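# Survey of secondary and tertiary structure
In case you want the letters, here they are:
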Amino acid sequence: MEVEAILAGLIPSWSSVVLLSCYLGYLAVAGSVLPGKIVPGALLSDGSRLHYRCNGLASLLLLVALLEIGIYMKLMSAVVIADKGLELLSATFIFSLFVSLVLYAAGLKSRSQSSSLKPHVTGDFIHDWWFGVQLNPHFLGIDLKFFFVRAGMMGWLLINLSLLAKNYEAGTANLSVILYQLFCTLYVLDYFFYEEFMTSTWDIIAEKLGFMLVFGDLVFIPFTFSIQGWWLLKNKVELTKVAAVANCLVFLVGYRVFRGANKQKHIFKKDPKAPIWGKAPKVIGGKLLASGYWGIARHCNYLGDLLLALSFSLPCGISSAIPYFYPTYLLILLIWRERRDEARCSQKYKEIWAEYCQLVPWRILPYVY
Ligand code: NDP
């Protein structure tokens, strides 16, 4: 009976389609019209650069304000996303399937030779559809890759806020719920505060836009990163004070390493002479940073992200493995990604990458890996 109910809940209702359309429509309009810093992207292989309008934080704050007004005026319910979770999941999944097929078809037709729009076709449909054909496809002037990742990160926060409303409704908003919500909210706000740093990340500069990224951004990020929130709706956890303090420490250390490493790399790319931790940076071959976090371990930023992911799960205690899905997934993803990125950097930077590896032998976890 329960399985039947779940399957029935998976069929998207018109209201979930409308909700999703309004959300994406809002983001498209807000992203195009709200003011934001225009940030030049990484240099592409044909010497061109894309430019990104970083107004994600403004778009998010305005959206939350509009939703609050809507809830206050009783035009909508604060728990609508939590109530329609499964339907929204399947509506978003169907949408990402549709978009990735359109991207594949449009990519095949592209005659552009620019790095952004040049089609990279292997002829293997599954491969081309999964990994994508073009690096930076656009629609109505919107950079789709930047748009989808924004939609996913904001969607994660909106799901969480709706789950929090549900917890309050049920009287189950205890310390573990508050900690989980607080850490995730800070992470998402920080993401948008530093949105310009995204413009130099692997997804934006190296990954083509296919089903993998569209699904990852629109479905995987919001619906699986929030598993702990769904789990806490059904399971009550009483954290001790010591556990709560330890949890906060994991979050703070993770945040410092994550943000510090990403910031250092971003600043270095803009100005290779800018001081790192108050000293002139150690630079290899004029291109690679070997100071600060990047002198402790290669991809030290991944370590910070893993600690943060762990801190989002610790509020759920250790009685179940389900809330640990996100850190486990991230561990696998980042180890895989680190290998792919190492291969890319080794090919791109050749002997200076080898010199960097000799100087900084640790990968992600200093003194261990
Ligand atoms: P990075 O931001 O680490 O970017 C990798 C690129 O940085 C390399 O291709 C190279 O690009 C450059 N680079 C690497 N080492 C150096 C160095 N020593 N000096 C100068 N440049 C260097 O990787 P990602 O884009 O994968 O990750 C960005 C952030 O996003 C990370 O913090 C990661 O944890 C997070 N993330 C989170 C995910 C999640 O699901 N929560 C998923 C994926 C990532 P170039 O050719 O420009 O030199």
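All values derive from a computational prediction rather than experimental measurement.

This part is about the pattern of salt bridges. Per the stated rule, a full pass over the model turns up 9 salt bridges. Residue Lys37 pairs with Glu196 through a salt bridge whose shortest N-O separation is 2.8 Å. One end of the pair, Lys37, is in strand β1 (residues 37-40); the other, Glu196, is in the loop between α8 (175-193) and α9 (202-205), with 159 residues separating them in the sequence. According to the relative accessible area criterion, Glu196 is buried, its value standing at 19%. The partner of Glu238 in a salt bridge is Lys236, and the shortest N-O contact between them spans 3.4 Å. Looking at Lys236, the relative accessible area reads 68%, which means it is exposed.

As annotated by UniProt and renumbered to match this structure, "transmembrane region" (unreviewed entry) occupies residues 17-36, 57-82, 88-108, 147-165, 177-197, 209-233, 239-258 and 308-336. The straight-line gap between the two end C-alpha atoms of residues 17-36 is 29 Å; of that span, 85% is helix and 0% is strand. Helix makes up 100% of residues 88-108 and strand 0%, and the two end C-alpha atoms of the span are 30 Å apart.

The next thing to look at is the environment of Arg339. Take Arg339: it is sitting in helix α15 (residues 325-349). Measuring from C-alpha to C-alpha, the distance between Arg339 and Val133 comes to 22 Å, with 206 residues separating the pair along the chain. Ignoring sequence-local partners within four residues, the contact set of Arg339 consists of Arg363 and Tyr369.

Rules used throughout
Residues numbered from 1 in each chain as written. Predicted model: local features only at pLDDT ≥ 70, side-chain atom pairs only at ≥ 80, totals over all residues. Heavy atoms only, no water. Salt bridge = Lys/Arg side-chain N within 4 Å of Asp/Glu carboxyl O. Helix = DSSP H or I, 4+ residues; strand = E, 2+ residues; numbered from the N terminus. Buried < 20%, exposed > 50% of the residue type's maximum accessible area, 1.4 Å probe, protein only. UniProt positions renumbered as here; feature names shortened; annotations may be inferred. Contact = heavy atoms within 4.5 Å.

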